[in-house]
Amino acid sequence: MEVQLEAGWKQVLEVEFAKPYFEDLIRFVKSEYGQHTCFPKGKDIFAAFEYCRWEDVKVVIIGQDPYHGPGQANGLCFSVHPDVSHPPSLINIFKELEADMGKPYPVSSDLSYWAKQGVLLLNATLTVRAHEAGSHQNKGWETFTDAVIQQISLHKKQVVFLLWGNYAKNKGKYIDTSQHFIMQTGHPSPLSANRGLWFGNKHFSKTNEILKQVGKKEIEW
């Protein structure tokens, strides 16, 4: 499995590809995909970096695992293919977007239109075995995605990081808060949202306010 990344990402991440942990990770992923049904499709594993170029990154949203149901995961956190019904977390994301921005509830569940505008939709773990949430955790993906966040923190300026839920919040330690903006809230899953930890966060409008203040183009959510 050869890692093909857009030139900007390749330049900042190629040092990771030569590290022993990453070589072990790729061997594991190849074995898993060879023996089991895994998601997303192989060509979509690094989709977050394909849709959101390095030079365009201005917002980062961190998820946990890819969706593990058939046909759902498309390589972008919280996003699914256009013809797939909206998962519960995405429904709550869209409800908050609707309330915050006064926009109609989105028809498409594919968030690639966010990514193309500079929103990196990064899962902490980029692969998963079908119907087994967390099955590819602690195999090296977290080390890789930690490095992604560190590189953004080190080399970019005034990026907005949206940390939804405790898993994402734990990644906050890799972000230089003197150079970047962090907003935190509960996870959009029903368990968290129904406890009052998600709705009303207004992260979409607040993100655009920040981008406007620092002279960057706002996101058309």
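Residues numbered from 1 in each chain as written. Predicted model: local features only at pLDDT ≥ 70, side-chain atom pairs only at ≥ 80, totals over all residues. Heavy atoms only, no water.

K.L.:
Quick rundown of the overall build of the protein? Include the residues and the values.
P.N.:
From N to C terminus, the protein includes 9 helices and 6 strands. What you see for the protein is a C-alpha radius of gyration of 17 Å, in line with the 17 Å of a compact globule of 221 residues. Taken along its principal axes, the extent of the C-alpha atoms in the protein is 45 × 35 × 25 Å. Within the span of the protein, comprising 221 residues, buried residues form 54% of the whole. Across the protein, the fraction of contacts at a sequence separation of at least 24, relative to all contacts at a separation of at least 6, is 65%. Split by element, the accessible area of the protein, about 10,200 Å² in all, is 49% carbon and sulfur. Of note, the protein has its 24 positive side-chain charges centred 3 Å away from the centre of its 24 negative side-chain charges. (Helix = DSSP H or I, 4+ residues; strand = E, 2+ residues; numbered from the N terminus. Rg over C-alpha atoms; globule rule 2.2 N^0.38 Å. Buried < 20%, exposed > 50% of the residue type's maximum accessible area, 1.4 Å probe, protein only. Contact = heavy atoms within 4.5 Å. Areas by Shrake-Rupley, 256 points an atom, 1.4 Å probe, with all protein chains shown as cover. Lys, Arg positive; Asp, Glu negative; His and termini not counted. Charge placed at Lys NZ, Arg CZ, Asp CG, Glu CD.)

K.L.:
So, the state of the cysteines: which residues are in play, and what are the values?
P.N.:
Summed over the entire model, instances satisfying the criterion amount to 0 disulfides. C52 takes part in no disulfide bond, and the closest cysteine sulfur to it belongs to C77, at a distance of 11 Å. A relative accessible area of 0% places C52 in the buried class. Relative accessible area serves as the criterion here: at 0%, C77 is assigned to the buried category. (Disulfide = S-S within 2.5 Å.)

K.L.:
Got a sec to walk through the side chain of N74? Specific residues and values, please.
P.N.:
Along the chain, the position of N74 falls in the loop between β2 (59–63) and α4 (88–101). A polar contact of 3.4 Å, which involves the side chain of N74, links it to the backbone oxygen of V80. Contact partners of N74, with chain neighbours within four places excluded, come to P40, D44, A47, S79, V80, H81 and D110. (Polar contact = N/O pair within 3.5 Å; in protein donor to acceptor, adjacent residues only side chain to side chain.)

K.L.:
With reference to specific residues and values, describe the pairing of β2.
P.N.:
Burial of β2 is extensive: 5 of the 5 residues sit out of reach of the surface. Burial along β2 is two-sided: V59, I61 and G63 and V60 and I62, pointing in opposite directions, are all buried.

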